[in-house]
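Listed here are the chains, written in short residue letters.
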Amino acid sequence: MSAPPSSRPLSASSSSSSSRRSLPAWLTHPLGWRSAPIPWTAALRGALSAGPLLALGLLTGHLSQAVLAGLGAMLAGVNDRPGTRRTGVVHIGLPAVGGALGLLCGGLLADADSRWTAVPALFAVGWLSGALSVTGPVWSAAAMQCLVTAAIGAGMPIPGPAWLKAVCYLGGAVWLLLLRFLLRAPRRVLRRGARREGEREAVAAVFDALADALLALGGPDAEPARRRLIAAQHRADESLRLMRLLPFPGRRGGSGSAQAHRVTERFAAATALCEAGIALLWEGRPLPRQVANAPRLLAVAVRADSAPGALASPVSDTVQRGAFDRALLAAAVTFDRTALREPPAPPMRPVPYEPTRPVRPVRSSRGSLNAGSARRALKELTGPGALRTLGRAFAPARRENALRVALCVAASAAVALSLHQTHWYWLPATAAFLVKPDLGPLFSRVVNRVAGTATGVLVFTVLTLAMAGLGGLWWLVAVVVAGGALIPVATRHFGFQTAVVTLLVLSFVYAVGDTEATAARLLDTALACGIVLLVGHLPHLTDPRVRVGHRFAVALRSTERYLRYVLDTPRTDPRTEPGTAPRTDPRTDPGSIPAAPRGGDAKGIALRYAAYRALSEARAAAETAAAELPGLHRAHRHDWLAVMARAERVVDAATVCAVRVEQGVPPPTATEARWVTGALAAMADALEGGRGTPMPTLPPVPKDCRSLRDVMTELHGIQSLTTVV
């Protein structure tokens, strides 16, 4: 999982900020602006992506092919987010393949010379796109590009066979990927604080986020810091999995494999430390600043490939603090063993925060996340269960989303075909961008789409009038270069992004001869917004219980699988190879190794990551639902942000349960474990079912296990919040 960066709206003053808070969320959301550093390297890639392709088309006379390649580079630039080069291959490459398939389908529709067959065809593509959008952010981007390019391929009269159009489009995306591989931020820019990239930086960011979370313990910033920590873990986990699954040529041996092994082992230490850190956040007791800053030293050591030196550890007066102490010691040993230095120094142990505290011997129950264990974890997450989830195209949430997208796009296509003989693609393409709920609240998208389109049309009209006396089309290259450079910055606000994309698309269609497109685009945008607002607020297509409840159901099911796996104690030590002699009783044989709890192995870590990744997607859906325009389902709306807070505490309590069991606390009884896991599954089924599904009868709260007691208490709270009176 990757998860999106936290954002907060900017305000001119404290008085304006307080007035915004008094206004409803659906009214203030269109003004929200994500603050983030300017991605200079991504801006350079954007400037060198579509502009040179358009210039090459002007030089060679293949302008239509250059426009399609520029379109592919432009949409690939929208997905060009911070991350490693391998994450760029997935986040840019998969949507580009979807866009090429959509352009191929649209081109075949255009070649069939049957205009009205595009309506049922776009309905089918819209249904598939809406169903896939529920799967995850990367699949959602791929589905959206497929739908948008299908409308463009069917409605934009560009000469050439359909397969050639798809190849040109894909070639533009590949060109941007090549620029991502070749262009890196200069060292002097990185030293000034610019965002670094690479697997090592992703792992270092986890330690930095953990230090921030520990410093926020017991304060109002603890929950946001915990969410940033989970997001950093997801980014690092995705980066390292792709590093193992997508090896670059020439990097299999020598220092490349040694570096990969070093980063992987250090991320394993970060995983154990973060799990113990979540237990500390659950406990809520502040730590001394020297202890909280210990992960910061580990982050510095990751970036320098060195040892961290002396680390301050907390007093182990609770199980949670004891778990963090042991994880910190294990991390120090791992860093010392994997550090690059000559000559080798003796292992460094954490320095106790109180010098009088004796140091106890520690035996860690975790193994490193090597390539084999990571592949097994990835296979677990993408196995038959995940494929069955992907294939449930008629589940309530998928069915509702698919029907809403399909109706909006098909209706927009029918209206566009009635109004235009050619170039009718704008209206259904605009509807495709607007109708997807994972892009933000509908009313906010409509407002920003109208404002952005009007701004883009106005700027392009002014440029056209100013450049009319120059002759030729070379001024379009400069416009495309400038617009491509603005795309990475424009992604922080939908209106700004719409204005930049409108400017680029108008430049492309002007280059292929559609010189009268500007005025018609405003009318098409207004019509698309009206259709999406009408269809998007139909009674049976807007129930937040279906759309948001599905996300919470996925999170609760993932938590149930993780908790069931943790509490299902293995009969043998998982570190024992098959075929070895049976293990003796550790109480009678001190040299034996007790069976390790299963929460810290590769499969347990993967299941916990899946739960937190689903939780982050549920938060995005809950925040979107909270900012939607009040409609017919207002009486059936729940406080999804309050449900979100309780769901986060459910997953945190499950993690704490695993930590406590690993530290030797007696596990709950089989009956209590069955009660809790059954309640998680029943609540997930009720939330997945949507409207009319009765709430389950939850079992009593366990009395002996504090963490499971917290799980059941929060489940009862979720039940009360989601019950329609």
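The model shown is predicted, which means the values in this text are computed figures rather than measured ones.

A few points about the overall build of the chain
Stage number 1. Of the regular secondary structure elements, the chain holds 29 helices and two strands.
Stage number 2. For the chain, with 725 residues in total, the buried portion stands at 53%.
Stage number 3. Excluding contacts between residues fewer than 6 apart, the proportion of contacts in the chain whose partners are at least 24 apart in sequence is 81%.
Stage number 4. On the chain, roughly 31300 Å² of surface is accessible, and the fraction owed to carbon and sulfur atoms is 62%.

Observations concerning the pattern of salt bridges
Stage number 1. One pass over the structure, following the stated rule, counts 27 salt bridges.
Stage number 2. A salt bridge links Asp 80 to Arg 180, with the nearest nitrogen and oxygen atoms 2.3 Å apart. In this pair, Asp 80 is assigned in the loop between α5 (63-78) and α6 (85-111) and Arg 180 in helix α9 (residues 162-182), connecting sequence segments 100 residues apart. The same class applies to Asp 80 and to Arg 180, which are both buried.
Stage number 3. For Arg 86, the salt bridge is made with Glu 199, and the minimal N-O distance between the two is 2.8 Å.

As for unusual backbone geometry
Stage number 1. Phi angles above zero are rare outside glycine, and Asp 305 is one such case at about 55°.
Stage number 2. You can see Asp 305 is positioned in the loop between α15 (294-304) and β1 (312-313).

Focus on the packing of α5 against α9
Stage number 1. The N-to-C vectors of α5 and α9 enclose an angle of 45°; their axes lie 7 Å apart at closest approach. Our classification of the angle between α5 and α9 gives oblique. The handedness of the crossing between α5 and α9 is right-handed. Contacts between α5 and α9 involve Gln 65, Leu 68, Ala 69, Leu 71, Gly 72, Ala 73, Leu 75, Ala 76 and Gly 77 from the former and Leu 164, Lys 165, Cys 168, Tyr 169, Gly 172, Ala 173 and Leu 176 from the latter.

Details of a nonpolar patch on the surface
Stage number 1. Together, Val 97, Leu 101, Leu 170 and Val 174 give the surface a local cluster of nonpolar side chains, amounting to about 310 Å² of exposed area.
Stage number 2. Of all the secondary structure elements, the ones that give two or more residues to the nonpolar patch are α6 and α9.
Stage number 3. The residue Val 97 is located in helix α6 in this model.
Stage number 4. On the basis of relative accessible area, Val 97 is assigned to the partly exposed category, the value being 40%.

Quick look at the packing of helix α22 (residues 474-490) against helix α23 (residues 494-511)
Stage number 1. Look at α22 against α23: their axes get within 9 Å of each other, and the N-to-C directions meet at 155°. When the axes of α22 and α23 are compared, the pair comes out roughly antiparallel. In this structure, the crossing between α22 and α23 has a hand that is left-handed. For the pair formed by α22 and α23, the contact residues are Trp 475, Leu 476, Val 479, Val 480, Gly 483, Gly 484, Leu 486, Ile 487, Val 489 and Ala 490 on the first element and Phe 496, Gln 497, Val 500, Leu 503, Leu 504, Ser 507, Phe 508, Tyr 510 and Ala 511 on the second.
Stage number 2. Per-class residue counts for the contact of α22 with α23 are 15 nonpolar, four polar and no charged.

Some remarks on the packing of aromatic side chains
Stage number 1. Overall, the coordinates contain seven aromatic pairs when judged by the stated rule.
Stage number 2. For the ring pair Phe 267 and Tyr 609, a centre distance of 6.5 Å and an interplane angle of 40° mean the geometry is tilted. Residue Phe 267 is found in helix α13 (residues 255-283), and its partner Tyr 609 is found in helix α26 (residues 602-626); the two are separated by 342 residues along the sequence. In this pair, the class of Phe 267 matches that of Tyr 609, namely buried.
Stage number 3. Clustering of aromatic rings is evident, with ring pairs tying together Phe 460, Trp 475 and Tyr 510.

Here's the deal with the state of the cysteines
Stage number 1. A full pass over the atoms with the stated rule returns zero disulfides.
Stage number 2. The thiol sulfur of Cys 146 is not disulfide-bonded, and the nearest other cysteine sulfur, from Cys 105, lies at 6.1 Å.

What about the nonpolar core?
Stage number 1. Core analysis: the largest hydrophobic core is formed by 97 residues, its most contacted members being Phe 207, Phe 552 and Leu 715.
Stage number 2. Of all the elements, helix α27 (residues 640-662) adds the most residues to this core, at 13 residues.
Stage number 3. Those residues in contact with Leu 715, other than ones at most four positions away along the chain, are Leu 556, Val 650, Ala 679, Leu 680, Met 683 and Leu 698.
Stage number 4. In terms of nonpolar packing, the next biggest core, distinct from the first, is built from 75 residues, Val 78, Trp 426, Ala 431 and Leu 434 among them.

Some thoughts on helix α20 (residues 426-435)
Stage number 1. Counting buried positions along α20 yields ten of ten residues, so the element is predominantly enclosed.
Stage number 2. Here α20 has its buried residues at Trp 426, Leu 427, Pro 428, Ala 429, Thr 430, Ala 431, Ala 432, Phe 433, Leu 434 and Val 435.

Observations regarding α26
Stage number 1. Between the first and last C-alpha of α26 there are 36 Å, a value that for 25 residues agrees with the 36 Å anticipated at 1.5 Å per step.
Stage number 2. Counting buried positions over the 25 residues of α26 gives 19, a clear majority of the element.

Focus on the side chain of Asp 652
Stage number 1. With respect to the element layout, Asp 652 can be found in helix α27.
Stage number 2. When neighbours within four sequence positions are excluded, Asp 652 is seen to be in contact with Arg 226, Ile 278 and Tyr 612.

Quick look at the environment of Ala 55
Stage number 1. In this fold, Ala 55 is placed in helix α4 (residues 50-60).
Stage number 2. For the pair Ala 55 and Trp 475, spaced 420 residues apart in sequence, the C-alpha to C-alpha distance is 10.0 Å.
Stage number 3. Those residues in contact with Ala 55, other than ones at most four positions away along the chain, are Trp 474 and Val 477.

What to know about the side chain of Glu 275
Stage number 1. Topologically, Glu 275 is positioned in helix α13.
Stage number 2. A relative accessible area of 0% places Glu 275 in the buried class.
Stage number 3. Side chain to side chain, Glu 275 and Tyr 562 meet in a polar contact 3.4 Å long.
Stage number 4. Within polar-contact distance, the side chain of Glu 275 engages the side chain of Arg 608 at 3.3 Å.

Topic: the confidence of the model for the chain
Stage number 1. With 78% of its residues at a pLDDT of 70 or more, the chain has an overall mean of 77.
Stage number 2. Throughout residues 342-394 the model reports pLDDT below 50, and contacts reaching past four residues in sequence, or to other chains, amount to 85 contacts.

Examining the environment of Leu 708
Stage number 1. In this fold, Leu 708 is placed in helix α29 (residues 706-721).
Stage number 2. Taking the C-alpha atoms as reference points, Leu 708 and Val 676, separated by 32 residues in sequence, lie 7.1 Å from one another.
Stage number 3. In this structure, Leu 708 is in contact with Leu 563, Leu 567, Cys 657, Pro 668, Val 676 and Pro 702, ignoring residues within four places of it in sequence.

Some details on the environment of Ala 519
Stage number 1. Residue placement: Ala 519 occurs in helix α24 (residues 517-535).
Stage number 2. Ala 519 gets classed as exposed once you look at its relative accessible area, which sits at 57%.
Stage number 3. Through-space distance from the C-alpha of Ala 519 to that of Ala 454 is 9.6 Å; in sequence the pair is 65 residues apart.

The rules behind these values
- Residues numbered from 1 in each chain as written.
- Predicted model: local features only at pLDDT ≥ 70, side-chain atom pairs only at ≥ 80, totals over all residues.
- Heavy atoms only, no water.
- Helix = DSSP H or I, 4+ residues; strand = E, 2+ residues; numbered from the N terminus.
- Buried < 20%, exposed > 50% of the residue type's maximum accessible area, 1.4 Å probe, protein only.
- Contact = heavy atoms within 4.5 Å.
- Areas by Shrake-Rupley, 256 points an atom, 1.4 Å probe, with all protein chains shown as cover.
- Salt bridge = Lys/Arg side-chain N within 4 Å of Asp/Glu carboxyl O.
- Axes fitted to C-alpha atoms, helices over the stretch in contact; angles between N-to-C directions.
- Parallel < 35°, antiparallel > 145°, perpendicular 65-115°, else oblique.
- Left-handed = near helix turned anticlockwise from the far one by under 90°.
- Patch = residues over 30% accessible without salt bridge, like charges linked within 9 Å, V, L, I, M, F, W, Y side chains within 5 Å.
- Nonpolar A, V, L, I, M, F, W, Y, C, P; charged D, E, K, R; others polar.
- Phe/Tyr/Trp six-rings, centres within 6.5 Å; stacked < 30°, edge-to-face > 60°.
- Disulfide = S-S within 2.5 Å.
- Core = buried A, V, L, I, M, F, W, Y, C linked by side-chain atoms within 4.5 Å.
- Expected span 1.5 Å × (residues − 1).
- Polar contact = N/O pair within 3.5 Å; in protein donor to acceptor, adjacent residues only side chain to side chain.
- pLDDT = per-residue confidence, 0-100.

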